[in-house]
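Remarks on the overall topology
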There are 2 protein chains.
Amino acid sequence: MTEPTATAPKPPRMRGNRPAYTTETLLEVAVTVFTERGYDRTSMADLATAAGLSKSSIYHHVQGKEELLTLALDRALDALFAVLAQPQATTGPAVDRLTQVVRGTVNALIDELPYVTLLLRVRGNSPTELAALTRRRRFDQLVAILVHDAQQQGDVAAEVDAATATRLIFGMINSLTEWYRPGRQELLDLPETVVRLVRSGLAP
Amino acid sequence: MTEPTATAPKPPRMRGNRPAYTTETLLEVAVTVFTERGYDRTSMADLATAAGLSKSSIYHHVQGKEELLTLALDRALDALFAVLAQPQATTGPAVDRLTQVVRGTVNALIDELPYVTLLLRVRGNSPTELAALTRRRRFDQLVAILVHDAQQQGDVAAEVDAATATRLIFGMINSLTEWYRPGRQELLDLPETVVRLVRSGLAP
């Protein structure tokens, strides 16, 4: 058994003397192991050990570790794209849509922290990873367009380079995966602090 | 020979048919290899191959790879602490000192990019790495104190959590190691863009 860590999900309920996993709870375990050990260096045996299951029990849920990676990266990316689809992100002045997207992205990272953490570690070592990187870049581009449009509408300072600003915004937001820990009182206002830095920080 | 990459330093001048390294130019090569491959997975043979030298030629400069790591991390940390020692960072209202420290930190990252990139990858796997992490945390704490003091002096919004704001500032600045590439025209104003995000973004 691997040692429990601060980020390990709580174990599932038991079925007899074996943990009773759903694909979703198995995915939680897999994502933690992938992030700690690196996807390429994780074997199905490692996943079985971490879950307290036999390898064949894992194959009952998924065809292999690649399917777990796909499920995990899709979960992160679906959460991010859901932010762009919110009504407040699709109508109104660009600066208001940008504000909503920044707030929603921070909340998506908080809600799906282990999945987005894994997404940000992906380097494109397989078709699955390349597809995830392509979707992630598309998300970044759509936010960059919002910054650009807000600038065109006079709500972002003219002297700011929109692409650079977008990178700094994502630098700030993505850093959550390095230091955010759930449940800390002082972090309750985190989404609004990020919104303030972006909105007031870029204002003309 | 390893393939040259976008981040590889230019080769040193030749001495006969061998590259003529100083400890400093050898360090440039080592830092690039450490960052690409990971320090723990880099052997002296890897360094010799990347430099086009024999292992014994490298031992002429340093006692081993640990000394190269120490030199590299010290270079990054010395650059950061030099920012805190600048006159504009030590006198005047805290918000002005913070502004100068943010500007100086961005410039230090730009000037010492490969060294700071390596510093940010360090996870504390040896006494050398632990010592570097301790110094880096001390730097972060001193900046956190500046944010806190600026807030006490009424120049940072009262509703912002100073520790959270400090983490977001470093998230933004440290992300440079992921995307900054020297020589791009649109990045010339990068230090002032970060200053704007911090100063206007945190203003009451």
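This one's a predicted model, so the numbers in the text were calculated from it and none came from an experiment.

Conventions used here
- Along every chain, residues carry numbers that run from 1 in the direction the sequence is written.
- Each chain is given a letter, starting from A, and each ligand a number, starting from 1, according to the order in which they appear as written.
- At least 70 in pLDDT is required for a residue's local features to be given in this predicted model, at least 80 for side-chain atom pairs to be given and counted, and no such filter applies to totals for whole chains, interfaces and linings, which use all residues.
- As a rule here, side-chain values come from all non-hydrogen atoms in the structure, and water together with hydrogens is ignored.
- UniProt positions are given in the numbering used here, feature names are shortened, and annotations may be inferred rather than shown by experiment.
- In this description a helix means any DSSP run of H or I spanning at least four residues, a strand means any run of E spanning at least two, and both kinds are numbered starting from the N terminus.
- Pairs of residues are marked as contacts when any of their non-hydrogen atoms sit within 4.5 Å.
- A simple way to read buried area is as the amount of 1.4 Å-probe accessible surface that goes missing from two parts once joined, with both sides added.
- A pair is scored as a salt bridge if a Lys or Arg side-chain nitrogen falls within 4 Å of a carboxyl oxygen belonging to Asp or Glu.
- Pairing of N or O atoms within 3.5 Å defines a polar contact, subject to two protein rules: one partner must be a possible hydrogen donor and the other a possible acceptor, and residues neighboring in sequence count only if both atoms are side-chain atoms.
- Here the aromatic set is Phe, Tyr and Trp, taking the six-membered ring for Trp, and pairing holds for ring centres within 6.5 Å; pairs whose planes are under 30 degrees apart are stacked, those over 60 apart are edge-to-face, and all others are tilted.
- Working definition: with a 1.4 Å probe on protein chains only, accessible area under 20% of the residue-type maximum means buried, over 50% means exposed, and in between means partly exposed.
- Superposition of the copies used a least-squares fit over C-alpha atoms from residues whose pLDDT is at least 70 in both.
- Domain delimitation follows an automatic or database domain assignment.
- Between the N-to-C directions of two axes lies an angle of 0 to 180 degrees, each axis being a line fitted to C-alpha atoms and, for a helix, fitted only over the stretch in contact.
- We call a crossing left-handed when the near helix sits turned anticlockwise from the far one by less than a right angle, and right-handed when that turn is clockwise.
- The residue classification treats Ala, Val, Leu, Ile, Met, Phe, Trp, Tyr, Cys and Pro as nonpolar and Asp, Glu, Lys and Arg as charged. All others, Gly included, are polar.
- Throughout this description, the term nonpolar core refers to a set of buried Ala, Val, Leu, Ile, Met, Phe, Trp, Tyr and Cys residues connected via side-chain atoms within 4.5 Å.
- Along the chain, pLDDT gives the predictor's confidence residue by residue, from 0 to 100.

**Quick look at the UniProt feature "DNA-binding region" (unreviewed entry) in chain A**
Per the UniProt entry, the sites bearing "DNA-binding region" (unreviewed entry) are residues 43-62 of chain A in this numbering. When the span residues 43-62 of chain A is considered, its composition is 75% helix and 0% strand, and the gap between its end C-alpha atoms is 14 Å.

**As for the interface of chain B and chain A**
Every contact between the two is made by 28 residues of chain B and, on the other side, 28 residues of chain A. Summed over both sides, the interface between chain B and chain A buries roughly 2400 Å², with carbon and sulfur atoms accounting for 62% of that surface. Inspection of the chain B/chain A interface yields 4 salt bridges. A salt bridge links R123 of chain A to E178 of chain B; the shortest N-O distance between them is 3.9 Å. The interface formed by chain B and chain A includes 4 residue pairs in polar contact (both at pLDDT 80 or more). Those elements giving two or more residues to the side of chain B that touches chain A turn out to be α8 (162-174), α9 (176-179) and α10 (190-202) of chain B. Residue contributions to the side of chain B that touches chain A peak at 9 residues, all from α10 of chain B.

**Digging into the packing of aromatic side chains**
All names here are of chain A. This structure, assessed with the given rule, holds 6 aromatic pairs over all chains. With centroids separated by 6.0 Å and ring planes inclined at 65 degrees, the aromatic side chains of F139 and F170 adopt a geometry described as edge-to-face. Placement of the pair is F139 in helix α8 (residues 127-152) and F170 in helix α9 (residues 162-174), with a sequence separation of 31 residues. Note on accessibility: F139 and F170 belong to one class, buried.

**With respect to the relation of the copies chain B and chain A**
You can overlay chain B on chain A at an RMSD of 0.0 Å; the transform is a turn of 180 degrees with a shift of 0.0 Å along its axis. Here the copies are linked by what is in effect a two-fold axis. A shared interface surface links the copies, since 100% of the contact residues of chain B are contact residues in chain A too.

**With respect to the domain arrangement of chain A**
In many reports, interface size means the accessible area that the parts give up when they come together. Residue and element names in this part refer to chain A. Under the domain assignment, chain A is made up of domain 1 (14-62) and domain 2 (74-202). One C-alpha centre belongs to domain 1, the other to domain 2; they are set 30 Å apart. The interface is formed by 8 residues belonging to domain 1 together with 7 residues belonging to domain 2. Of all residues in domain 1, V31, T35 and D40 give up the largest surface area on contact with domain 2, accounting jointly for 56% of the area buried on that side. Seen at the junction of domain 1 and domain 2, the total is 1 salt bridge. The partner of E24 in a salt bridge is R75, and the shortest N-O contact between them spans 3.5 Å. Taken together, the connections running from domain 1 to domain 2 amount to 1 residue pair in polar contact (both at pLDDT 80 or more).

**Some thoughts on the packing of helix α6 (residues 94-111) of chain A against α8 of chain A**
A pair of packed helices is captured by two measures, namely the crossing angle of their axes and the spacing between those axes. Residue and element names in this part refer to chain A. Two elements in contact, α6 and α8, have axes separated by 8 Å at closest approach and are oriented at 145 degrees. The handedness of the crossing between α6 and α8 is left-handed. Touching A94, V95, R97, L98, V101 and T105 of α6 are F139, V143, L146, V147, D149 and A150, all from α8. Considering only residue class, the contact of α6 with α8 consists of 9 nonpolar, 1 polar and 2 charged.

**Here's the deal with the UniProt feature "domain: HTH tetR-type" (unreviewed entry) in chain A**
In this numbering, the UniProt entry assigns the feature "domain: HTH tetR-type" (unreviewed entry) to residues 20-80 of chain A. As annotated, residues 20-80 of chain A comprises 75% helix and 0% strand, and the C-alpha atoms at either end are separated by 30 Å.

**Points about the nonpolar core**
The biggest cluster of nonpolar side chains holds 140 residues, and the ones touching the most others in it are V194 of chain A together with V194 of chain B. Not counting residues up to four positions away in its chain, the partners in contact with V194 of chain A are V102, V106, M172 and I173 of chain A together with L168 of chain B.

**Description of the environment of Q100 of chain A**
Residue and element names in this part refer to chain A. With respect to the secondary-structure elements, Q100 resides in helix α6. In contact with Q100, other than residues within four places in its own chain, are V83, Q86, Q88 and A89. A polar contact is formed between the side chain of Q100 and the side chain of R103, at a distance of 3.0 Å.

**Some words on the confidence of the model for chain A**
Considering every residue of chain A, the mean pLDDT works out to 92; 94% of them sit at 70 or more. Every residue in residues 1-7 of chain A scores below 50 in pLDDT, and together they form 9 contacts with partners more than four places removed in sequence or on other chains.

**Description of the packing of helix α5 (residues 94-111) of chain B against α10 of chain B**
All names here are of chain B. Two elements in contact, α5 and α10, have axes whose closest approach is 9 Å; the angle formed by their N-to-C orientations is 145 degrees. Crossing handedness for the pair α5 and α10: right-handed. Counting all contacts with α5, which are made through V95, D96, L98, T99, V102, R103, V106, N107 and I110, the residues of α10 involved are L190, P191, E192, V194, V195, V198 and R199. The residue inventory of the contact of α5 with α10, partitioned by class, reads 10 nonpolar, 2 polar and 4 charged.

**Describing the environment of T25 of chain B**
All names here are of chain B. If you trace the backbone, T25 turns up in helix α1 (residues 23-37). Expressed as a C-alpha distance, the spacing of T25 and A162, which sit 137 residues apart in the sequence, is 40 Å. Polar side-chain contacts of T25 include one of 2.9 Å to the backbone nitrogen of T22.

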